[in-house]
Amino acid sequence: IYKARQQLEEDHYGLESVKKRVLEYLAVLKLKEDLKGPILCLLGPPGVGKTSLGKSIVNALGRKFHRISLGGVRDEAEIRGHRRTYIGAMPGLIAQGLRRVGVKNPVFLLVGHLSNHGDPSAALLEVLDPEHNTFNDHYLNVPLDLSKVLFIATANQVDTIPPPLLDRMELITVPGYTFDEKINIAQRHLLPKQIINHGLSVGDVKISDKLLLKIASGYTREAGVRSLEREIASVCRAKAVEYADAKYKDELDGYTGEITEEEVEKILGVTKFDNEVAERTARPGVITGLAWSASGSGGILFIEATQMAGKGNLQLTGKLGDVIKESANIALSWVRAHAFQLGITTSETESKFFFQRDIHIHFPAGAVGKDGPSAGVALTTALVSLFTDRRVPPTTAMTGEITLRGQVLPC
Ligand code: ADP
C-alpha cells in the first residue's frame, strides 16, 4: 500500500479523492487475497488520466499489464474465441492477452466502450463475473482460470456501460481539472515528459505559468489535459529545431529555453478560443446558461428569447431534444401563471397579453444537439427578462431544473 501510494503520488498531480478510493480498493484486495470483489472502473472524460492511473496501479502492484480495447468488438467470438472448426479461427481477446503476458495474474485494462446490446457484453459479463471464475474460450476449449486476473475498466460515460456489467463494477469518478490544476499538471508532468520525448533535457524549454494559462485557455477546450499536452509538444518540437540548429552551428550560448508570448503565437497560431462573455452586451431575453457535453467539457451557452406579434405560439430552435423542449414549456407556463406577480401583466392586460404575441427561443450553436433538463432556470429567467425588459448581466450564468411549481432542482 505504501508503494502504491508513492507511485500514485509520483505519477499524478491532485486527484486526492480518486487516489484515496484506489488505495482503499487495493487495501481490501490485499487483505482478502482473492479478487472476488467488484471490478474497478475509472469513469471520466477523455484525457483526465484514467489510463495513466491504471498504469500506476499496475506499476505499484508489480504485475504484468495488458490493454484490451473493446471499441471495435462487434461479436461474442472476439471475446470468447472461435470454435476450431472455422477457417481462420482464433482464441478470443482474453486468451490472447493471457498468452501475450505469459502469466496468470496480470492486470487487464479494458478501454473503450462496448456496444450496448448483443452478445459481446454477455461474454464479457461471464469473464468479469466474480462468482464463477473459470472461463471457457471456444478455441482452447478448456476452462481458463481467471481468478488471479485483475480487471480495471475505463469509461467516458456511465450510460454506455451495459447495466448488468455496471452492477459488478466499483465506479471511481475522475472529474475534470480547473485551469489552476492544469497548470500544475503541465509544469510537473506534461512539460518534463514532452521535453524528454523531444530529445532535450529538462530546463531546455521553460514556459511560465502565465503562458501555460494562455495556452490552456486560448488553444484548448477540454476537461482533461490531452490537447494541452499536444500543444506543449508543439512548443517543444519548435524548440528542438532551434536547439539542434544552435548545437550544430556551435552557437549553444545564444540558445535560451525561455518561451515568450510572441513565440507561442508564432508556434501555435492565433488563439482558437476567446472569452465569449466579454464580447456580449446584456440585452433583455438573453441569458447565459451552463452546459456540459459528453466529452466532459463544460461551457457556457447563450439562450436567446424574443417576442413578436402573434397568437401565443412558442417556437423553439437550436437542435433541441425532447427534454429541453419540455423545460421551455414548463418555463413558459410558470411565467404565465405568475405574470401578474412578476409585473409582466396588469389586471387589464392579463387576459390577452400572452395571446397577442408569439415567442421564439433559440439556443445558438444551432448545429450542436442539446438536451437535458438543466436549462430550466435559464429559460425561465430568459422569459421573465424578455417580458419585463430587464437585463441579466452576461457574467452571471445559471443551471438547474425547474418544476411547474417553480421549484429549482439540482442537476
Ligand atoms: P484518459 O485515459 O483519461 O483518456 P490518459 O491517461 O491518456 O487519459 O491521460 C492523458 C495524459 O494526461 C497522459 O499523458 C497523463 O499522464 C496526463 N495526465 C492526466 N491527468 C494527470 C494528472 N493528474 N497528473 C499528471 N498527469 C496527468
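Just so it is clear, the structure is predicted and the values come from calculations on it, not from any experiment.

**Focus: the site of the ligand**
Argument step 1. By nearness alone, 20 residues border the ligand, and Gly 47, Lys 50, Thr 51, Lys 193 and Arg 226 come closest of all.
Argument step 2. Val 48 has a polar backbone atom sitting 3.3 Å from an oxygen atom of the ligand.
Argument step 3. Within the contact set of the ligand, an oxygen atom lies 3.0 Å away from a side-chain nitrogen or oxygen of Glu 229.
Argument step 4. Relative to its unbound accessible area of 560 Å², the ligand is 90% covered by the protein chains.
Argument step 5. With respect to the pocket detection grid, the ligand is positioned in the second largest pocket.
Argument step 6. For the shell around the ligand, the secondary-structure elements that each account for two or more residues are helix H3 (50-61), helix H8 (179-197) and helix H10 (226-248).
Argument step 7. Among the elements that line the shell around the ligand, the one with the most residues is H8, at four residues.
Argument step 8. Within the shell around the ligand, the residues separate by chemical class into nine nonpolar, six polar and five charged.

**Observations regarding the side chain of Glu 231**
Argument step 1. Summarising the element assignment, Glu 231 is placed in helix H10.
Argument step 2. Here Lys 272 takes part through its side chain, which lies 3.3 Å from a polar atom of the side chain of Glu 231.
Argument step 3. Contacts of Glu 231, omitting those with residues within four sequence positions, involve Ile 215, Tyr 219, Thr 220, Leu 268 and Lys 272.

**Some thoughts on the sheet that holds strand E3 (residues 107-111)**
Argument step 1. In spatial order, the strands read E2-E3-E6-E1-E7; together these five strands make up an open sheet with parallel pairing. Edge positions in the sheet fall to strand E2 (65-69) and strand E7 (169-173), since each of these pairs with one other strand and no more. Here the strands of the sheet are splayed against their neighbours by 25° on average, with no regard to which way each runs.
Argument step 2. With five bridges connecting them, strand E1 (residues 39-43) and E7 associate as parallel partners. Within the sheet, the bridge partner assigned to Leu 43 lies in E7 and is Thr 173.
Argument step 3. Across the sheet, helix H2 (residues 16-32) lies against E1, strand E6 (150-155) and E7, angled at about 155° from E7, the strand it touches most.

The rules behind these values
Numbering of residues begins from 1 in every chain and follows the order in which that chain's sequence is written. Local features in a predicted model are, by the rule used here, given only for residues with pLDDT of at least 70; side-chain atom pairs are given and counted only at 80 or more, and totals for whole chains, interfaces and linings are based on all residues. As a rule here, side-chain values cover all heavy atoms of the structure and leave hydrogens and water aside. We call a residue near a molecule or strand whenever a single non-hydrogen atom of that residue lies within 4 Å of it. Identification of polar contacts relies on pairs of N or O atoms within 3.5 Å, with a donor-acceptor requirement for protein atoms, meaning one able to donate a hydrogen and the other able to accept it, and with residues adjacent in sequence counted only if both atoms are side-chain atoms. Where accessible areas are quoted, they stem from the Shrake-Rupley method and a 1.4 Å probe; at the residue level, only the protein chains shown are allowed to cover. A 1.4 Å probe that fits but cannot get out identifies a cavity on a 1 Å grid over protein atoms alone, an open set with protein on both sides within 12 Å along at least five of seven lines counts as a pocket, and a residue lines either if it has an atom within 4 Å of a point. A molecule is said to be in a cavity or pocket once over half of its atoms fall within 2 Å of that pocket's grid points. In this description a helix means any DSSP run of H or I spanning at least four residues, a strand means any run of E spanning at least two, and both kinds are numbered starting from the N terminus. All amino acids are sorted into three groups, where Ala, Val, Leu, Ile, Met, Phe, Trp, Tyr, Cys and Pro are nonpolar, Asp, Glu, Lys and Arg are charged, and the leftover types, Gly among them, are polar. Two residues form a contact once any of their heavy atoms are found within 4.5 Å. Following DSSP output, two strands are said to pair if at least two bridges run between them. To get an axis, a line is fitted to the C-alpha atoms, and for a helix only the part in contact is used. The angle between two axes follows their N-to-C directions and goes from 0 to 180 degrees.

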